[in-house]
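Analysis of the macromolecular model
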Amino acid sequence: MAVELRMLQMDQTMTKGKIGKWLVKEGDTITEGQPILEIETDKVVHEQESPCDGVIAQLFAEEGNDVPVNALLAIIAAPGEEVERVEVDTIQDQEQIDEPDQSISEPITQQTIPQETTQTTDTFKASPAAKQLAEKLGINLSQVKASGPGGRILESDIHRYIETIGPTHTESTRIKASPLARRLAKEFGLDLTSIDGSGPDGRVVRDDVLQASTEVPTQTLPTEPVPGELVEFSGIRKIIAERMTMSVQTNASVTLHTEVDATALVELREQFNESLQEQEVKLTYTDLIVKITSSGLQKHPRLNATLHDEKIELLKDINIGVAVALDDGLVVPVIRNVDTIGLATISELIRTAAEKARNNQLTPGELQGGTFTLTNLGNFGIDAFTPIINPPECGILGVGRIVKKPVVQENDIVIRSMMALSLTFDHRIVDGAPAAQFLQTISQYIQNPYLLLV
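1. Let's talk about unusual backbone geometry
Between P391 and P392 the backbone carries a cis peptide bond, its omega angle lying at 5 degrees. Position of P392 relative to the elements: it lies in the loop between β16 (372–376) and β17 (395–409). Phi at N70 takes a positive value of approximately 75 degrees, unusual for a residue other than glycine. Relative to the helices and strands, N70 resides in the loop between β7 (66–68) and β8 (72–77). The exposure class assigned to N70 is partly exposed, which follows from its relative accessible area of 32%. Although it is not a glycine, N411 adopts a positive phi angle of roughly 70 degrees. Within the fold, N411 resides in the loop between β17 and β18 (412–426).

Spelled out as structure tokens, the structure:
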């Protein structure tokens, strides 16, 4: 029996995903758990796997398209099963979609599959399968005679065209490679087929591409955009923009700023790192502030909350997302149950998550379930800023740099290490005074870290 492959919802706020690359083609035999396609969201490039053994009977979505959650992507037939082919644009560009077609949640039948449409923004009308096959084989669609409704080019037309010109075109071989390796190879202009993979089953990984790039004398690394250059507004960058705009438009966001004496925190970190040196543990300020934030959330549970079905839900778990900056965006891996684990464990989890984020190895599960977010721009020399809430959370704490300043203590001017904090919270869930008390608690822990033991 044929099985439908649909766009997964990888977190509560995801409404669509972008088809980054199909890893299979129609007619391929696949196994359960085999990666079928790469999906790009604002958080991660995710490989969607096959739910069963079978044969790819039909692909519906084109690479580069934005696809609504639960939309039909492909049909997987059982081995030996005959599935009637339907030439149809089930998925259109996101600009043409107001909301997902409700019929896609029904069992697939000839009645529920949308009928043929000729709407397209391309020069030549062609089905997704025909476009994909033509692109793979390097065929100019202007040379292909169309037999579909309204002059539409079908996949069968591509095959007939190949027969007329002879067997000079062959489909490209599927290369096993991680999403990051594929992206780097494209940026470096490298052919993946020429790179030996060092990953499992010969999979090409990031280091393989980087090594290959250094072996090409004329190879240059990707550069920053230059003035006057048009940079495509798409992919992760576009989705981040849409989510942040949605956050600002739907939340009643208010930001509080304060400056706190972090001298004791600086000294504590130095003592910890000296004591833990033999264990090869090196704590960062982010590690310490994540732990401090979890203690603050225990005292002020309204900041560890979300608005759900017109009710404020105070969340039991304290799962803190830590923002990680990437070259082309931002991801927020989640450290779970921070209030129940020690500093060394927190440090290891954050370090591992950051490495996986930069290598595009985070799974959807590692990006879901956050109840509060922390973002630290201190390394960039930033003092105070206005962080944007990560929906559906209630708050986000921005951490600035630590800088030595002259301050007044008991009528004396002394040099202290000062840190700026910025708390953005959803005023629908919590008022200004309770939010200020939470920020005050965080400040007290930073000034007097021993309070964490009380």
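Still more ground to cover, so stick around.
2. Some thoughts on the packing of aromatic side chains
Within the structure shown, the criterion is met by one aromatic pair. Judged by centre distance (5.7 Å) and plane angle (65 degrees), the ring pair of F372 and F438 falls under edge-to-face. Residue F372 is located in strand β16, and its partner F438 is located in helix α9 (residues 432–447); the two are separated by 66 residues in the primary sequence. Across the pair, F438 and F372 agree in class, each one buried.

3. Observations regarding the packing of helix α6 (residues 263–275) against helix α7 (residues 285–299)
With their axes 11 Å apart at the nearest point, α6 and α7 run at an angle of 115 degrees to one another. Relative to α7, the element α6 lies roughly perpendicular. The handedness of the crossing between α6 and α7 comes out as right-handed. For the pair formed by α6 and α7, the contact residues are L265, V266, R269 and F272 on the first element and Y285, L288, I289 and I292 on the second.

4. Digging into the environment of Q368
Positionally, Q368 belongs in the loop between α8 (343–358) and β16. Residue classification places Q368 among the partly exposed residues on the basis of a relative accessible area of 27%. In the structure, Q368 is positioned 35 residues away from P333 in sequence and 7.7 Å away in space, judged by C-alpha atoms.

5. Considering a nonpolar patch on the surface
A surface patch of nonpolar side chains, amounting to about 230 Å² of accessible area, comprises L307, I312 and L314. Of note, L307 is situated in strand β10 (residues 305–308). On the basis of relative accessibility, which here comes to 34%, the residue L307 falls in the partly exposed class.

6. Here we look at the sheet that holds strand β4 (residues 35–40)
Sheet architecture is open: four strands sit in the order β5-β4-β2-β7, paired in antiparallel fashion. Each edge of the sheet is formed by a strand with only one pairing partner; in this case those strands are β5 (45–49) and β7. Across the sheet, the mean angle separating the axes of adjacent strands is 45 degrees when strand polarity is ignored. With four bridges connecting them, strand β2 (residues 16–22) and β4 associate as antiparallel partners. Across the sheet, the residue bridging to K18 is E40, located in β4.

7. Describing the sheet that holds β17
One open sheet holds the six strands; their spatial order is β9-β18-β17-β16-β12-β15, and the pairing between them is mixed. Of all strands in the sheet, those bounded by a partner on one side alone are β9 (253–261) and β15 (334–335). When β16 meets β17, the two strands line up parallel, connected through four bridges. Among the inter-strand pairings, L374 is bridged to a residue of β17, identified as L397. On the sheet, α7 packs against β12 (320–322), β16, β17 and β18 and is oriented at approximately 150 degrees with respect to β16.

8. Observations concerning the layout of surface pockets
The rolling of a water-molecule-sized probe over the atoms marks out the regions of remaining empty space. Considering only enclosed or pocket space, the second largest pocket measures out at about 1,200 Å³ in volume. Lining the second largest pocket are 48 residues, with V322, A323, V324, A325 and N376 sitting closest to its centre. Listing elements by their share of the lining of the second largest pocket, those giving two or more residues are α5 (235–250), α7, β13 (324–326), α8, β16 and β17. Looking at which element gives the most residues to the lining of the second largest pocket, the answer is α8, with nine residues. Across the lining of the second largest pocket, the residue classes tally to 25 nonpolar, 11 polar and 12 charged.

Cut-offs and rules
Residues numbered from 1 in each chain as written. Predicted model: local features only at pLDDT ≥ 70, side-chain atom pairs only at ≥ 80, totals over all residues. Heavy atoms only, no water. Helix = DSSP H or I, 4+ residues; strand = E, 2+ residues; numbered from the N terminus. Buried < 20%, exposed > 50% of the residue type's maximum accessible area, 1.4 Å probe, protein only. Phe/Tyr/Trp six-rings, centres within 6.5 Å; stacked < 30°, edge-to-face > 60°. Axes fitted to C-alpha atoms, helices over the stretch in contact; angles between N-to-C directions. Parallel < 35°, antiparallel > 145°, perpendicular 65-115°, else oblique. Left-handed = near helix turned anticlockwise from the far one by under 90°. Contact = heavy atoms within 4.5 Å. Patch = residues over 30% accessible without salt bridge, like charges linked within 9 Å, V, L, I, M, F, W, Y side chains within 5 Å. Areas by Shrake-Rupley, 256 points an atom, 1.4 Å probe, with all protein chains shown as cover. Salt bridge = Lys/Arg side-chain N within 4 Å of Asp/Glu carboxyl O. Pairing = 2+ DSSP bridges. 1 Å grid on protein atoms, 1.4 Å probe; cavity = no way out; pocket = protein on both sides within 12 Å on 5 of 7 lines; lining within 4 Å. Points joined across faces, edges and corners; volume = space filled by probe spheres on them. Nonpolar A, V, L, I, M, F, W, Y, C, P; charged D, E, K, R; others polar.

Shape descriptors only; they carry no functional weight alone.
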